[in-house]
Amino acid sequence: LILYYDNAFPGLFAAVGLSILGFWLTSIAISRTKDVFAARGFQGRDLLKSNATTIPESLGLPTAAVYMALLFLFIPFRYFSSQLQGVSKTGDDWEGRMDGRMGFPHHELASFLSALLSFSCAIVLGFLDDVFDIRWRYKLPIPIISSIPLLMVYYAGGGGTSVVVPGWPRGLRTVLGSIVELGPLYYVYMSLLSTFCTNSINILAGINGVEVGQALVIALSLVLNDVLYLDPRAGQPGSRSSTELLRRHLLSLYLLLPLVGVCMGLLRWNRYPSRVFVGDTFCYFAGMVFSTVGILGHFSKTVLLFFAPQLFNFLLSCPQLFGLVPNPRHRVPRYDAASDSLYPSIQYFGSGTDADGELPNTSKSPLRPASLVATWVLKVLAGLRLVQLDFYDAERRRIKSTTNLTLLNAILVLRGVRHRPQTNQAQTPYTGPRIGERHLWMHAMACQLAGSALAFGIRYWIAAVVFP
Ligand code: UD1
Ligand code: MG
């Protein structure tokens, strides 16, 4: 291996070393800065605890700062050793230097620098969101625009824009051909991937450790996927295509290994019971690393596979994100102090009569009754046991309430945990299953791991069957 790719492997060793350093530096950076963050007003109440103490927030910022510093430090390790001095066949000094420059991995360095640029944009955007709570209509286009340098580098690297048509179901290839050229649409897909990755981690949030946990599982899965490509026997050894493939996956490792290190450092502080919150800074930054790695490594479709739980959470959230169902500031499960466990949080609909005033939490009356489409969508979701519905009428036509449409609430509903009214009106004591915050975190991580297993299955097994 090392004989083939002697220039790239010092980089890999450096990335492993910097990743260990990253774990240690992140822990130190957080312990030194968390009180300063709190003193400057960066703090939030832990919604799922009985005591109302506040916790320092946005500690994703020092984490991201350590990560960026590691990547800056990495540059000389990887590129200083690259051959600069060439010897011209004619003995001409200038030509010799030009030959030498040809051997330098310019394109890879451009890829690396464009990655740093997009990470910086994500960190700034995330921190501004922590400070100003930016509106969705401004937040969504920013990652799309900041992905342009990456797309340019992808273009310069001869990036493909075609997709292979599956051989199954039969007949699909007769209609579409075996390869479909998407052209500019593929670039649109990649820029949308940036905005999806950044926001989807942010909306699968709210219980201790879940933002970092999901990022860590995705990062480790992508690392494993890269390692599977390090074996030169995978392609034709020495051929241009196998060297190129190896280069791309090495670049991905250079960016992901330090991320694993800093995420582990952050998780030490953010896991249940959290001593710091990560803030939107971390969610945007981690999401941007994944989409960038996918674009620069030319495996953006594979990255999406590892986001299966996030994709599910996003699709499930759509009725709330697009206004079909009311969307509150926080959709996280609710906390029951008596049993120290969580239960699904709910949203009420109006009854269309004056009786709505009796509902709890109806500060913004009059409440809208559920529309026909909303009723239909929610009933389908209830059939799938992803939401728990309550009705005004015995015929179950007019919906009174639904549990919030998130993966975390859906896990609780699937496990049979029922919503409990907050008032003391509940006459019959709750006897159903109980799930605490740490326990729900484990469920969420199990979903993420299952998503990764599924992704590997699709990528390496099903793909071989349907893309013969
Ligand atoms: C997203 C979610 C929102 C969820 C919130 C929780 C959508 C559209 N938005 O909003 O529903 O409630 O994340 O992060 O799905 N917090 C905890 N425990 C934690 C983490 C956070 O209680 O482990 C609370 C803290 O009060 C913290 C706040 O959540 O201050 C952070 O929320 P923020 O990241 O600003 O919410 P959004 O990203 O806007
Ligand atoms: Mg957030």
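Look up a bit, the structure's there.
Here goes a summary of the coordinates provided. (Residues numbered from 1 in each chain as written. Chains lettered and ligands numbered in written order. Predicted model: local features only at pLDDT ≥ 70, side-chain atom pairs only at ≥ 80, totals over all residues. Heavy atoms only, no water.)

## Observations regarding the overall build of the protein chain
Okay, step 1: Along the backbone of the protein chain there are 17 helices and nine strands.
Okay, step 2: Expressed as a percentage of the 468 residues in the protein chain, the buried residues total 50%.
Okay, step 3: Across the protein chain, contacts joining residues at least 24 apart in sequence account for 75% of those joining residues at least 6 apart.
Okay, step 4: As displayed, the protein chain offers around 23,100 Å² of accessible surface, 64% of which is attributable to carbon and sulfur atoms. (Helix = DSSP H or I, 4+ residues; strand = E, 2+ residues; numbered from the N terminus. Buried < 20%, exposed > 50% of the residue type's maximum accessible area, 1.4 Å probe, protein only. Contact = heavy atoms within 4.5 Å. Areas by Shrake-Rupley, 256 points an atom, 1.4 Å probe, with all protein chains shown as cover.)

## Focus: the coordination of the magnesium ion (ligand 2)
Okay, step 1: Protein-derived ligands of the magnesium ion (ligand 2) are Asn 202 (OD1) and Asp 280 (OD), with the metal-ligand distances lying across 2.0 to 2.1 Å. Within this pair, whereas Asn 202 is found in helix 9 (residues 184-203), its partner Asp 280 is found in helix 12 (residues 279-296), the two being separated by 78 residues in sequence.
Okay, step 2: Overall, the relative accessible area of 16% leaves Asn 202 in the buried class. (Donors = N, O, S within 2.8 Å, 3.2 Å for Na, K, Ca; no water.)

## Topic: the site of ligand 1
Okay, step 1: Around ligand 1, the structure places 19 residues, and the nearest of them are Arg 45, Leu 47, Glu 57, Asn 202 and His 330.
Okay, step 2: Contact distances for ligand 1 include 2.8 Å between an oxygen atom and a backbone N or O atom of Leu 47.
Okay, step 3: Side-chain polar atom of Asp 280 to an oxygen atom of ligand 1: 2.9 Å apart, as the coordinates give it.
Okay, step 4: For ligand 1, the accessible surface in isolation is 720 Å², of which the surrounding protein chains cover 90%.
Okay, step 5: Only strand 1 (43-45) and helix 9 provide two or more residues apiece to the shell around ligand 1.
Okay, step 6: Its residues placed into classes, the shell around ligand 1 shows eight nonpolar, five polar and six charged. (Near = heavy atom within 4 Å. Polar contact = N/O pair within 3.5 Å; in protein donor to acceptor, adjacent residues only side chain to side chain. Nonpolar A, V, L, I, M, F, W, Y, C, P; charged D, E, K, R; others polar.)

## Details of the packing of helix 7 (residues 148-156) against helix 9
Okay, step 1: Relative orientation of the contacting elements helix 7 and helix 9 amounts to 135°, with a least axis distance of 10 Å. Classified by the angle their axes make, helix 7 and helix 9 are oblique. Every pair of crossing elements has a handedness; the one defined by helix 7 and helix 9 is right-handed. Between helix 7 and helix 9, the residues in contact are Leu 151, Tyr 154 and Tyr 155 and Tyr 186, Tyr 187, Met 190 and Ser 191, respectively.
Okay, step 2: Residues that form the contact of helix 7 with helix 9 fall into these classes: six nonpolar, one polar and no charged. (Axes fitted to C-alpha atoms, helices over the stretch in contact; angles between N-to-C directions. Parallel < 35°, antiparallel > 145°, perpendicular 65-115°, else oblique. Left-handed = near helix turned anticlockwise from the far one by under 90°.)

## Brief notes about the pattern of salt bridges
Okay, step 1: All chains considered together, the criterion is met by eight salt bridges.
Okay, step 2: Two residues, Arg 78 and Glu 108, come together in a salt bridge whose shortest N-O distance is 3.0 Å. Of this pair, Arg 78 sits in helix 2 (residues 60-79) while Glu 108 sits in helix 4 (residues 106-132), and the two are 30 residues apart along the sequence.
Okay, step 3: The structure contains a network of salt bridges with shared partners spanning Asp 46, Lys 49 and Glu 437. (Salt bridge = Lys/Arg side-chain N within 4 Å of Asp/Glu carboxyl O.)

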